[in-house]
Amino acid sequence: MFIPTLVLWLLSASPEVPVTPPVPVEAPPPVMPADAPPLTEAVRVLLRLTIDAGGEVSQVEVRESGGVMFDRAALAAALRWRFEPARRGEERLEVRVDVPVTFEPVAAAGTQAEDEVADAERSLPAQPESTSTEAPAPAPVKPEPPVFSTTVRGQSAAPPPVAVGDFHITVGQLADVPRNSATDLMLLAPGVMLANHGGEGHAETVYLRGFDAGEGKDVELRVDGVPLNEVSHAHGHGYADTYFIIPELVRSLRVTEGPYDPSQGDFGVAGTVEYQLGLEQRGLTASASYGSFASRRLSLVWGPPESTAATFVGVLLRQGHGFGPNRAYANAGLMAQTELRLGPETKLRLFGASYGARYGSAGVVRETDVVDARLPCDADADSQFFCLYDPNQGGASQRHIASVELTSRLARGGRFVQQAFAIARRMRSRENFTGFLQDTPPIGEAQRGDNTEQSYQGTTVGLRGRYTPGLTWAGQPQPLELGYVARYDTVHTRARRLRDKGGAPYATVFDNQVRVTNLGAYLSLKGAPLEWLTLRGGVRVDTLLFGVEDLNRPAEDRQGARIPEESVEAYGFFASPRASAEVRLTPRLTWLTSAGLGARSSDAAGLSDAEFAPYARVTSGETGLGWRWGDGPSSLELRSAVFATALSRDLVFSETTGRNQPIGPSQRLGAFGSARFQWEQRLDVQASLAWARATQPLPGASSWRLWDGAVLPYIPRVLGRVDASWRGTATVARQPVGWSVALGHSAIGPKPLPLDRYSEAIFLFDVAARARWRAVELGLSVENLLDARWRESEFNYVSNFRGPDAPASLLATRHFSAGAPRTVRGTLTVYLDLQEDRP
């Protein structure tokens, strides 16, 4: 907190006329420096301001230093202050004032997560320390100038978890670990695996908590409240692409594994992932990278020094040839956000993002063709491994987002948040999983090919909000939260078959115009009936109205000619209660048990007219322990839990359609453990290990026998992950040089494949090192350090890639998409503080 007490000097004065001192009109608070160590005591900076006759701060100097980083933060804020100028009668005066600025330690735990950025509170006490003049014949002047004060809060503790698997993950130092995109940040949560068979721009397949969540069908994805899952997408209901997110602007993630928070909505079957944005580094940061396979990356991020971490602009450009034929990519994205203070208790956030991408894809290849060197590439093992059949694969993607969020603090600690958002989305992809197998050509003609074009164009608009009245009972706060969501989607989704030669479409698989309205509301309540017991509970209800125009109906039926279109309307409703109980065994050890119901809505393309729309119901329970030591610069957190989940209608990837298809009920049994150790902002290590068994229950089997049944394909039983970063400072030629080294390691156990086959285990190591001298930083990263030949996605099915005239084999064989080989990248980063040269 800084409390500027005005010590006033008049640059011109008359002892006969009283002087009215300057009054603050606009005084945004300093921002806690991003690279400041955790404070254990207050830091004081004394500034001398020259306030001109217009009320502007024309000059600032540091009279007493609190350290370079705190001096800069105080100077940057002071240059933005505006005053009602000092007056002698009606004459405006130029004056000097001394302002002590004090930065306080971190705010107390329990502050809401959205207050983690700097916050301001202003008051108007009065009474100056002293007053003097610099006139030739000085005389004491004793006005009573108003004194303004501002509170600057550091990072606060995240809200308590609703389950052991509810993680509030601050990226922090772990940003040093090599990552290809913001999607890779999900690996910081236990039990997460990512795979991509579609290219550098196609959404990642997410494996979470024993679920093959596809590209979003079973995991709800959001960016600061804006939903990303796309309804009735051509590639799969719930498709969500996160490539547009600039990693440098991700401050933290909240990963809720399981349906345990009442605010979780549609698609939150395996859990919910929310990216929380913010830029701690103030000023302009420019970074350029070049690496293997002509990969180029340029990022520019800027945070105005006088603003909070919630105000930023970022631009990211990426381009490369890819690690094999037909894997080139190019994309560009922009994200910007500003936070405006509308009063001492109200703030407004404006957010926008725009993104465009084009990418190629190698698709999948048959294992036997690679071994026998039949692919149209050089005969050596590496060329065959990274080769392809169909070069007419790849896609393009565009996304534009706008969001407005208004937050108001209410009396008694209450809060009211309103958000409006709009999304425009367009995507087209082309994939071939089976070669020449699915077509039924005209008599006498050869197969035309199975390449499938999937296109999606849609607009989403919506509102969301939450209200916390700040209730108390028996002298204790009893948080109650009420929330709502209103979302409307209008989309055109289509799939067509393309000719092998020329790529012209020859058949339409489906062509739908879809409109979906989702209205939802939730209630959440927390109480502590006993000192050692905390209970949380709530319920969420959702209604969905579907409207479908099927544009691919036959032009003729048994009754004769007809219009090849048809309309479908359907309605759905589901309620999802959730509850948890937290028992505090010791001051550091807690036992947390959670249970909840969740749901996934239906793909509108599969509904019938006037149908009560079915939905997939998930029932999940979890119990485990959490232990934490330390809340300052050093801390250790341990968590472990076991869970069980039952899903009424599951989906599994089908190679014939290139998207997920229903298979009936499924069940999961699993466990995980995680640990994160942080020491003095030097060492940050996070490790996790997860095990899950996913099965289809046997007909007539008891719903309690979760370990029995046929094993579901593609879901690995064991997943391990380690992320670590070590930072320090060395002296080189009498100059301080900051350095860091980082490691990322993924261990993926064998994945079951159809027909009782299993994939090989995967072990990947990524390393990075950086050195910074003053404003310049050099970095080197190596992904897949051991240059492993690994299969990112693996399948087992029947295909025919030998040609349209070749006889189709009915023998299923293994197919895979190759993972990236060793990739080396060098980076030059320049940190520019645009305020540094100001007075």
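For every chain, the first residue of the written sequence is number 1, and numbering continues from 1 along that sequence. Side-chain atom pairs in this predicted model are given and counted only at pLDDT of 80 or more, local residue features only at pLDDT of at least 70, and totals for whole chains, interfaces and linings cover all residues. Note that the side-chain values use all heavy atoms of the structure and ignore hydrogens as well as water.

Focus on the state of the cysteines
Test applied: What counts as a disulfide here is a pair of cysteine sulfur atoms lying within 2.5 Å. The helix count covers DSSP runs of H or I at least four residues long, the strand count covers runs of E at least two residues long, and both are numbered beginning at the N terminus. In this scheme, a residue with accessible area under 20% of its type's maximum is buried, one over 50% is exposed, and one in between is partly exposed, where area comes from a 1.4 Å probe on protein chains only.
Applying the stated criterion across every chain, the model contains 1 disulfide. With its sulfur 1.9 Å from that of its partner, C377 forms a disulfide with C387. Looking along the S-S bond of the C377-C387 disulfide, the torsion reads about 80°, which is the right-handed sense. Placement of C377 in the loop between α2 (367–371) and α3 (381–385) and of C387 in the loop between α3 and β24 (394–409) is noted, with a sequence separation of 10 residues between them. Taking the relative accessible area as the measure of exposure, C377 reaches 28% and is therefore partly exposed.

Overview of the sheet that holds strand β13 (residues 211–212)
Put simply, the test is: Any two strands are treated as partners once DSSP identifies two or more bridges connecting them.
Ordered by their spatial adjacency, 3 strands build an open sheet running β11-β12-β13, and the pairing between neighbours is antiparallel. Of all strands in the sheet, those with a lone pairing partner are β11 (192–195) and β13, marking the two edges. Bridge count for strand β12 (residues 205–208) against β13 is 2 bridges, and the pairing is antiparallel. Counterpart to Y207 in the pairing with β13 is D212.

Brief notes about helix α1 (residues 68–78)
Quick reminder of the rule: Between two residues, a contact is recorded if the distance between any of their heavy atoms is within 4.5 Å.
For α1, the buried fraction is high: 8 of the 11 residues fall into the buried class. Within α1, the full set of buried residues consists of F70, D71, A73, A74, L75, A76, A77 and A78. Summarising the contacts, the buried residues of α1 are in contact with β4 (43–51), β5 (57–64) and β9 (95–103).

Some points on the pairing of strand β21 (residues 329–343)
Bridging between strand β20 (residues 312–320) and β21 involves 9 bridges; their strand directions are antiparallel. Residue pairing across strands places L316 opposite G333, the latter belonging to β21. One ladder, built from 14 bridges, connects β21 with strand β22 (residues 346–360); its direction is antiparallel. Note that in β22 the partner of T338 across the bridge is L350. Here β21 folds back onto β22, and the loop between the two strands holds 2 residues.

Notes on the confidence of the model for the protein
The criterion, for reference: The pLDDT value tells you how sure the predictor is about a given residue, anywhere from 0 up to 100.
The pLDDT averaged across the protein works out to 86; a share of 89% of its residues lies at or above 70. Counting interchain partners and residues more than four positions distant, the pLDDT-below-50 stretch residues 1–16 has 79 contacts. Low pLDDT, under 50, characterises residues 107–156; the predicted model gives this stretch 134 contacts beyond four residues in sequence or across chains.

Quick look at the sheet that holds strand β14 (residues 219–223)
Overall, mixed pairing links the 5 strands, which are arranged β10-β16-β17-β14-β15 in an open sheet. A single partner strand is all that each edge strand has here, and the edge strands are β10 (166–170) and β15 (226–227). Two strands pair when backbone bridges link them, and strand β16 (residues 250–257) and strand β17 (residues 271–277) are joined in this way by 7 bridges, in the antiparallel orientation. When the bridges of β17 are listed, R254 appears paired with E274.

Observations regarding the side chain of E777
For clarity, the cut-off: In the analysis that follows, any N or O atom pair within 3.5 Å is treated as a polar contact, provided that within protein one partner can donate a hydrogen and the other can accept it, and provided that, for residues neighboring in sequence, both atoms belong to side chains.
In this fold, E777 is placed in strand β47 (residues 776–783). One polar contact links E777 to Y831, side chain to side chain, over a distance of 3.4 Å.

Quick look at the nonpolar core
As a reminder of what qualifies: In this description, a nonpolar core means a group of buried Ala, Val, Leu, Ile, Met, Phe, Trp, Tyr and Cys residues linked to one another through side-chain atoms lying within 4.5 Å.
Judged by nonpolar contacts, the single largest core of 57 residues is most densely connected at V250 and Y275. Ranked by residue count, the leading element in this core is β22, at 4 residues. Aside from chain neighbours lying at most four places away, what touches Y275 is A182, T183, L185, M186, R222, V223, D224, T242, I245, V250, S252 and L253. In this structure, V45, A74, W81 and A86 belong to the second largest nonpolar core, which totals 26 residues.

Here's the deal with a nonpolar patch on the surface
Definition in use: A patch consists of residues whose relative accessible area exceeds 30% and which take part in no salt bridge; residues with like charges are grouped when within 9 Å of each other, and nonpolar side chains (Val, Leu, Ile, Met, Phe, Trp, Tyr) when within 5 Å. The Shrake-Rupley method, run with a 1.4 Å probe sphere, supplies the accessible areas, and residue values consider only the shown protein chains as cover. Between Lys or Arg on one side and Asp or Glu on the other, a salt bridge is scored when a side-chain nitrogen of the former is within 4 Å of a carboxyl oxygen of the latter.
On the surface, L410, F416, Y467, L482, L523, L525, V539, V541, L545, Y571, F573 and F612 cluster together into a nonpolar patch covering about 970 Å² of accessible area. If you list the elements that add at least two residues to the nonpolar patch, you get β30 (505–530), β31 (533–550) and β34 (566–584). Of the residues forming the nonpolar patch, the biggest block, 3 residues, is contributed by β31. If you trace the backbone, F573 turns up in strand β34.

What to know about unusual backbone geometry
Phi is positive for A294, which is not a glycine, with a value near 55°. Position of A294 among the secondary structure elements: in the loop between β18 (283–291) and β19 (295–303). In this structure A294 comes out as buried when scored by relative accessible area, which is 14%.

So, the environment of N796
Mapped onto the elements, N796 comes out in strand β48 (residues 791–797). Other than its neighbours up to four places away in sequence, N796 contacts Y714, L753, P754, L755, R757, A812, T813 and R814. A polar contact of 3.1 Å, which involves the side chain of N796, links it to the backbone oxygen of P754. Only 3.3 Å separates the side chain of N796 from the backbone nitrogen of R814, close enough to count as a polar contact.

A word on the packing of aromatic side chains
To keep things clear, this is the line we draw: Any Phe, Tyr or Trp ring, taking Trp's six-membered ring, that has another such ring centre within 6.5 Å forms a pair; planes under 30 degrees apart are called stacked, those over 60 apart edge-to-face, and the others tilted.
A complete count under the given rule lists 16 aromatic pairs for this structure. With a centroid separation of 5.2 Å and an interplanar angle of 55°, the aromatic rings of F70 and F103 are classed as tilted. Here the residue F70 occupies a position in helix α1, and F103 occupies one in strand β9, the gap between them amounting to 33 residues. For F70, a relative accessible area of 6% puts it in the buried group. Geometrically, the ring pair formed by F795 and Y797 is tilted, given 6.3 Å between the ring centres and 50° between the ring planes. One exposure class covers both F795 and Y797, and it is buried.

Quick notes on the pairing of β14
In the case of a regular strand, side chains alternate between the two sheet surfaces. Along β14, 5 of the 5 residues are buried, which leaves the element largely enclosed by surrounding structure. As judged from the 5 bridges shared by β14 and β17, these two strands associate in the parallel manner. Paired with V223 across the two strands is Y275, which belongs to β17. Two successive antiparallel strands, β14 and β15, enclose a turn made up of 2 residues, where D224 displays a positive phi of approximately 45°.

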